[in-house]
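Structural description and commentary
Chain by chain, the residues run as shown.
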Amino acid sequence: MADLTPTAGRPGLHVSKPSPSEPATASAVCHCGASATATGDAQVGALVAGWNANHGSAHRK
């Protein structure tokens, strides 16, 4: 499987939850230079909400 972790050259958001009993993890890199990581379902949810509100497609509006 390819490495799906976002980088400065390939910005984006990647979320992983290998099994229901393991915590979710996420990493995000935006083309504006912002980056973040999170571990745990609640923290990943907050990272995704922040990404949706402030990065990703929000920059295209």
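The notes below deal with the structure included here. (Residues numbered from 1 in each chain as written. Predicted model: local features only at pLDDT ≥ 70, side-chain atom pairs only at ≥ 80, totals over all residues. Heavy atoms only, no water.)

1. Some remarks on the overall build of the protein chain
Using the following cut-off: The helix and strand labels rest on DSSP assignments: H or I over at least four residues marks a helix, E over at least two residues marks a strand, and numbering proceeds from the N terminus. The size measure is the radius of gyration over C-alpha atoms, and the globule rule it meets is 2.2 Å times the number of residues to the 0.38 power. Working definition: with a 1.4 Å probe on protein chains only, accessible area under 20% of the residue-type maximum means buried, over 50% means exposed, and in between means partly exposed. The contact criterion used is simple: two residues touch if any of their non-hydrogen atoms lie within 4.5 Å. Accessible surface is estimated by sampling points in the Shrake-Rupley manner with a 1.4 Å probe; for residues, cover comes only from the protein chains shown.
Along the backbone of the protein chain there are 1 helix and 3 strands. Taken from N to C terminus, the helices and strands of the protein chain fall in the order β-β-β-α. Taking 10 Å as the expected radius of gyration for a compact globule of 61 residues, we find that the protein chain reaches 12 Å, a close match to that expectation. Classification of the 61 residues of the protein chain by burial places 26% in the buried group. If you take every contact in the protein chain between residues at least 6 apart in sequence, the share linking residues at least 24 apart comes to 16%. For the protein chain, the computed accessible surface area is about 4,100 Å², with 56% contributed by carbon and sulfur atoms.

2. Quick word on the pairing of strand β2 (residues 25-29)
Applied cut-off: Strands qualify as paired when DSSP identifies two bridges or more between them.
The buried fraction of β2 is high, at 4 of 5 residues. As judged from the 5 bridges shared by strand β1 (residues 12-16) and β2, these two strands associate in the antiparallel manner. Residue L13 lies in a different strand from β2, and its bridge partner there is A28. One ladder, built from 5 bridges, connects β2 with strand β3 (residues 35-39); its direction is antiparallel. Residue pairing in the sheet places T25 in a bridge with T39 of β3.

3. Looking at the environment of A36
Counting through the fold element by element, A36 comes out in strand β3. Given a relative accessible area of 33%, A36 falls into the partly exposed group. Sequence separation of A36 and L13 is 23 residues, and the distance between their C-alpha atoms is 9.4 Å. Excluding residues within four positions of it along the chain, A36 makes contact with A26, S27, A28 and L47.

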